[in-house]
Amino acid sequence: MPNNTLNLSGKHILLGVSGGIAAYKAPILVRRLVEAGAIVQVVMTANAHHFVTTTTLQAVSGHVVRDDLWDQAAEAAMGHIELARWADHILVAPATAGTIARLANGEASDLLSTLCLASNAPVSLAPAMNQQMFAHPAVQRNLTTLKTDGYQIVGPDSGDQACGDTGLGRMTEPEEIVQALNASSAKIGTGPLAGQTLMVTTGPTREAIDPVRYISNHSSGLQGLAVAEAGRQAGARVILIAGPGVDPCHGDIARFNVTSAQEMYDRVHEHLPETDLFIGVAAVADYRPANAQQQKIKRHTQAEDQVQLPLIENPDIIASVVQAQQAKVVVGFAAETNDTLQNAREKRARKKLDAIVVNDVSDQRIGFNSLDNAVTLIHTGGEIDFGVQPKTAIAEQLISQLAELFAPKLQA
Ligand code: C5P
């Protein structure tokens, strides 16, 4: 057995096959999983029968293939709840648009969707469909919902499709699906934040002046992106609320893009009930234009010394998170240019944060658009300095410190 599939050895994998042309690869996928040491039971949807036979899947898996919630003989041998408990990991490959919609809606309308609801095992989906279907907002919305619910999405790949189109929608090749499953099996249930949901805000916000102009700041979102990634690697389910211009992130992170502070506020509160640990890294604009214009503001024809732009205050997102008392631990970031530590200590106390991470953005080596940073973590019990180093290294140390410092609160 190759080393890179070691984590699947002895694992019970429930493979759900739904009805798309990529189902013809399902027998190969079963073979690869079995070669990796997994014990595989296959469940087919009604439509999958149009593309692959039970006989084939039964032969390669060595187990009876299930396809009906109401099959009395099969239920007598192993009821669907027992089957759901049997699974260490559920893999749906191919996952068609219809199956994805059923799962996103929490339906229990066939055996496979019922099993996904009835199991507490992690679920991975390998979407496969026509590129136009995959690009449809409804499919994208459903996938975002599933990511937020903790599903792992593997692929799809881009390339030639059975229907003659070319684009994003091909099922990821069986070998790569096995590798992705193997990597996530190593991760699941391990790490200091296993079982916790971490929400991170990152990047700047943009506050519209008119349709072409806005107020913003220099934040790149890199530090928050690194915190989200470090949280994922520490075993947390991660929700990332990202302002404009933030780089892409790992596919397992449930990401929501926003533009303004108000949108960031709304998204944060939408997902706050699921959040255990909130880390606000975003450089949220404190003020926005009081009257954003619907049409481009014209230059004045007569020269004027000054043009006034009235501003009103944006909601303080992190203060509202503290006030909501839904997350168990709330951590802020502060970018300061002077009296760094003193300002941050006051800010932590004023916003009633569990901890604050402060950096001096007047230092040219670190901060906004740099890959490096240097921060101090201020919490009730003390202060910890992290010297100049890559933002990714800072993020890893911060996550491990926070997990340790706040373990009693997070695990309460
Ligand atoms: O802008 P300030 O330095 O006060 O930001 C400190 C913390 O407050 C950061 O974690 C930032 O994400 C958060 N913040 C916020 N909403 C605002 C302003 C700041 O959540 N309107």
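Remember, it's a predicted structure, so these values are computed and weren't measured experimentally. (Residues numbered from 1 in each chain as written. Predicted model: local features only at pLDDT ≥ 70, side-chain atom pairs only at ≥ 80, totals over all residues. Heavy atoms only, no water.)

Turning our eyes to something else, we now look at the layout of surface pockets. For the largest pocket, the calculated volume is near 950 Å³. Looking at the largest pocket, it is lined by 43 residues, and the ones nearest its centre are A282, A283, V284, F333 and A335. Contributing elements (two or more residues each) for the lining of the largest pocket: β8 (197-202), α10 (222-233), β13 (277-280), α12 (317-324), β16 (329-336), α13 (340-351) and β17 (355-360). If one sorts the elements of the lining of the largest pocket by residue count, β16 sits on top with four residues. The residue makeup of the lining of the largest pocket, split by class, is 19 nonpolar, 17 polar and seven charged. (1 Å grid on protein atoms, 1.4 Å probe; cavity = no way out; pocket = protein on both sides within 12 Å on 5 of 7 lines; lining within 4 Å. Points joined across faces, edges and corners; volume = space filled by probe spheres on them. Helix = DSSP H or I, 4+ residues; strand = E, 2+ residues; numbered from the N terminus. Nonpolar A, V, L, I, M, F, W, Y, C, P; charged D, E, K, R; others polar.)

This part is about the environment of L69. Within the secondary structure, L69 is located in the loop between α2 (54-61) and α3 (72-77). Residue L69 is classed as buried on the basis of its relative accessible area, which comes to 12%. For the pair L69 and H80, spaced 11 residues apart in sequence, the C-alpha separation works out to 7.2 Å. If near-sequence neighbours (up to four positions away) are discounted, L69 is found in contact with E75, H80, D110, L111 and T114. (Buried < 20%, exposed > 50% of the residue type's maximum accessible area, 1.4 Å probe, protein only. Contact = heavy atoms within 4.5 Å.)

Contacts to the ligand come from G280, A282, V284, D286, P315, D316, I317, I318, G332, F333, K347 and K351. A distance of 2.6 Å is found between an oxygen atom of the ligand and a backbone nitrogen or oxygen belonging to A282. One nitrogen or oxygen atom from the main chain of I318 is found 2.8 Å from an oxygen atom belonging to the ligand. When isolated, the ligand has an accessible area of 450 Å², and the protein chains bury 89% of it. Assessed atom by atom at 2 Å from the grid points, the ligand resides in the largest pocket. (Near = heavy atom within 4 Å. Polar contact = N/O pair within 3.5 Å; in protein donor to acceptor, adjacent residues only side chain to side chain. Areas by Shrake-Rupley, 256 points an atom, 1.4 Å probe, with all protein chains shown as cover. Sits in = over half its atoms within 2 Å of the grid points.)

With that out of the way, let us pick up a nonpolar patch on the surface. A contiguous nonpolar surface patch, about 310 Å² in accessible area, is contributed by I21, Y24 and F51. By secondary structure assignment, the location of Y24 is in the loop between β1 (12-17) and α1 (26-35). Judged by relative accessible area, Y24 falls into the exposed class, the value being 53%. (Patch = residues over 30% accessible without salt bridge, like charges linked within 9 Å, V, L, I, M, F, W, Y side chains within 5 Å. Salt bridge = Lys/Arg side-chain N within 4 Å of Asp/Glu carboxyl O.)

As a general rule, the predicted coordinates of low-pLDDT regions are not to be interpreted in detail. Looking at the protein chain, the pLDDT average stands at 92 and 96% of residues meet or exceed 70. Note on residues 1-6: pLDDT under 50 across the span, and 11 contacts to partners over four residues away in sequence or across chains. (pLDDT = per-residue confidence, 0-100.)

Glancing now at the nonpolar core. One finds L193, L198, V227, L277, I279, V331 and I399 to be the most contacted residues of the largest nonpolar core, which totals 34 residues. Secondary-structure elements contributing two or more residues to this core are β8, α10, β11 (237-242), β13, β16, β17, β18 (372-379) and α14 (391-405). By residue number, the principal contributor to this core is α14, which donates six residues. With near-sequence residues (within four places) excluded, I279 lies in contact with L198, M199, V200, T201, V227, V331, F333, I399 and L402. In this structure, L15, V17, A36 and L181 belong to the second largest nonpolar core, which totals 28 residues. (Core = buried A, V, L, I, M, F, W, Y, C linked by side-chain atoms within 4.5 Å.)

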